[in-house]
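Structure at a glance
Listed below are the residues making up each chain.
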Amino acid sequence: GADSLRYFLLREAPFGSDFSYSEEKIAQRHNSDLGNDLGNLLNRTLAMVTKYHYGTVPPEGTRVTRLVKFASPINDLPRRAKAFILNLQFREALEAIWELITDLNRTIDEVRPWSLIKSGSETDRHKVTLLLFDLVEGLRWTAMLLHPFMPERMDEMWRQLGVPGSIEDDWDVALAKWGDAKFLPAGIRVRPGPPLFPRIELSS
């Protein structure tokens, strides 16, 4: 699809530079970055929201710190990504956005919500609801930030998340604060769908 090809062209090398092109390299980027990192993150998140919270997004709740350990302050990500884009540094913009995707995936593996649910304690259940909120909020941010690069696939991701508002909202407003209830109200229902990026199998 056009979105996967556009992602490959803008991620593979600095804009304006030469680089090698092949169907194998496109498939590798598609399967690794888009299928495994982003697509599986969406699928895992929607499955856990459905299984652990009746298919609805929980409230942010009371917390001491955010569960996700971001590589850089999250509130600075939209500004950084926008600056890169305006400077035609598309690969750097995508790398910055991928920091968020990587941290969301890492947090699932570190928190292990399936184990917390089995414990049955209220404290552990609260940790799971905090994680679910952070995952959906992180994917909302991701969808908006990646929309200029992959508009068709991010529109579908937005639909599956079920979040209100427009994916084309001003980043300075819609991404000004993590967990703003105006943009991610509790109780919205997720809408799981087919995989965003089905695996590409090249014939030998």
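On a predicted model such as this, the values are computed, not experimentally measured, just so you know. (Residues numbered from 1 in each chain as written. Predicted model: local features only at pLDDT ≥ 70, side-chain atom pairs only at ≥ 80, totals over all residues. Heavy atoms only, no water.)

**Details of the overall build of the protein**
What counts here: Numbering of helices and strands starts at the N terminus; helices are DSSP runs of H or I of at least 4 residues and strands are runs of E of at least 2. We compute the radius of gyration from the C-alpha atoms alone; for a globule the expected value is 2.2 Å times N to the 0.38, where N is the number of residues. Only protein chains enter the accessibility calculation, which uses a 1.4 Å probe. A residue is then buried if its area is under 20% of the maximum for its type, exposed if over 50%, and partly exposed in between. The contact definition used throughout considers only heavy atoms, calling two residues in contact when any of these lie within 4.5 Å. Computed by Shrake-Rupley with a 1.4 Å probe, the accessible areas treat only the displayed protein chains as cover when residues are assessed.
The helix and strand tally for the protein stands at eight helices and zero strands. If you list the helices and strands of the protein from N to C, you get α-α-α-α-α-α-α-α. Its C-alpha atoms give the protein a radius of gyration of 17 Å, within 12% of the compact-globule value 17 Å for 204 residues. In the protein, which comprises 204 residues, the proportion classed as buried is 47%. For the protein, the proportion of contacts with a sequence separation of at least 24, taken over those separated by at least 6, is 76%. Carbon and sulfur atoms form 52% of the exposed surface of the protein, whose accessible area is close to 10100 Å².

**Concerning the packing of helix α6 (residues 122–146) against helix α7 (residues 151–161)**
In plain terms, the rule: Working convention: axes come from line fits to C-alpha atoms, limited for helices to the stretch in contact. Angles between N-to-C directions cover 0 to 180 degrees. Under this scheme an angle from 65 to 115 degrees is roughly perpendicular, one under 35 degrees roughly parallel, and one over 145 degrees roughly antiparallel; angles in between are oblique. With the far helix as reference, a near helix turned anticlockwise by less than a right angle produces a left-handed crossing, and one turned clockwise produces a right-handed crossing. Residues are grouped as follows: Ala, Val, Leu, Ile, Met, Phe, Trp, Tyr, Cys and Pro are nonpolar; Asp, Glu, Lys and Arg are charged; every other residue, Gly included, is polar.
At their nearest, the axes of α6 and α7 sit 9 Å apart, and the two run at 155° to each other. When the axis of α6 is compared with that of α7, the two are roughly antiparallel. As α6 packs across α7, the resulting crossing turns out to be left-handed. Touching V136, L139, R140, T142, A143, M144 and L146 of α6 are M154, M157, W158 and L161, all from α7. Across the contact of α6 with α7, the residue classes tally to nine nonpolar, one polar and one charged.

**Re the nonpolar core**
Selection rule: The term nonpolar core refers to a set of buried residues drawn from Ala, Val, Leu, Ile, Met, Phe, Trp, Tyr and Cys, joined through side-chain atoms within 4.5 Å.
With 58 residues, the main nonpolar core has L38, L146, F149, M150, M154, M157 and L161 as its most contacted residues. Listing elements by their share of this core, those giving two or more residues are α1 (2–11), α2 (23–52), α3 (77–86), α4 (90–111), α5 (113–119), α6, α7 and α8 (171–174). Take this core: its biggest share by element is 12 residues, from α6. Beyond its immediate stretch of four places on either side in the chain, L161 contacts L42, L46, V136, L139, R140, I188, R189 and V190.

**Description of the confidence of the model for the protein**
Spelled out, the test is: Across the chain, each position has a pLDDT score giving the predictor's confidence in that residue, from 0 to 100.
Per-residue confidence for the protein averages 91 on the pLDDT scale, and 94% of its residues sit at or above 70. No element of the protein has a lower mean pLDDT than α5, which averages 91, and none a higher one than α7, which averages 98.

**Points about the pattern of salt bridges**
Quick note on the threshold: Only one rule defines a salt bridge in this text: a Lys or Arg side-chain nitrogen within 4 Å of an Asp or Glu carboxyl oxygen.
Counting across every chain of the model gives 14 salt bridges. With a closest N to O distance of 3.1 Å, R159 and E156 form a salt bridge. Residue R159 and its partner E156 are both found in helix α7; the two are separated by three residues, about one turn of the helix. The class for R159 is partly exposed, based on a relative accessible area of 35%. Overall, E156 belongs to the buried group, its relative accessible area being 16%. Among the salt bridges present, the one from R199 reaches E201, with a minimum N-O distance of 3.0 Å. Residues participating in the shared-partner salt-bridge network are R11, E12, R29 and D33.

**Concerning α7**
Each α-helix winds once per 3.6 residues, and so residues spaced three or four apart point in a common direction. Every buried residue of α7 is accounted for by R153, M154, E156, M157, W158, Q160 and L161. Those residues of α7 hidden inside the fold are in contact with α1, α2 and α6. Where α7 terminates, the next one or two residues include G162, which has phi positive at roughly 75°.

**Topic: a nonpolar patch on the surface**
Test applied: Grouping into patches uses exposed residues only, defined as over 30% relative accessible area, and leaves out salt-bridged ones; the cut-off is 9 Å for like charges and 5 Å for nonpolar side chains (Val, Leu, Ile, Met, Phe, Trp, Tyr).
Together, L5, L9, F19 and Y21 give the surface a local cluster of nonpolar side chains, amounting to about 360 Å² of exposed area. Position of L9 relative to the elements: it lies in helix α1. Classification of L9 by relative accessible area gives partly exposed; the value is 39%.

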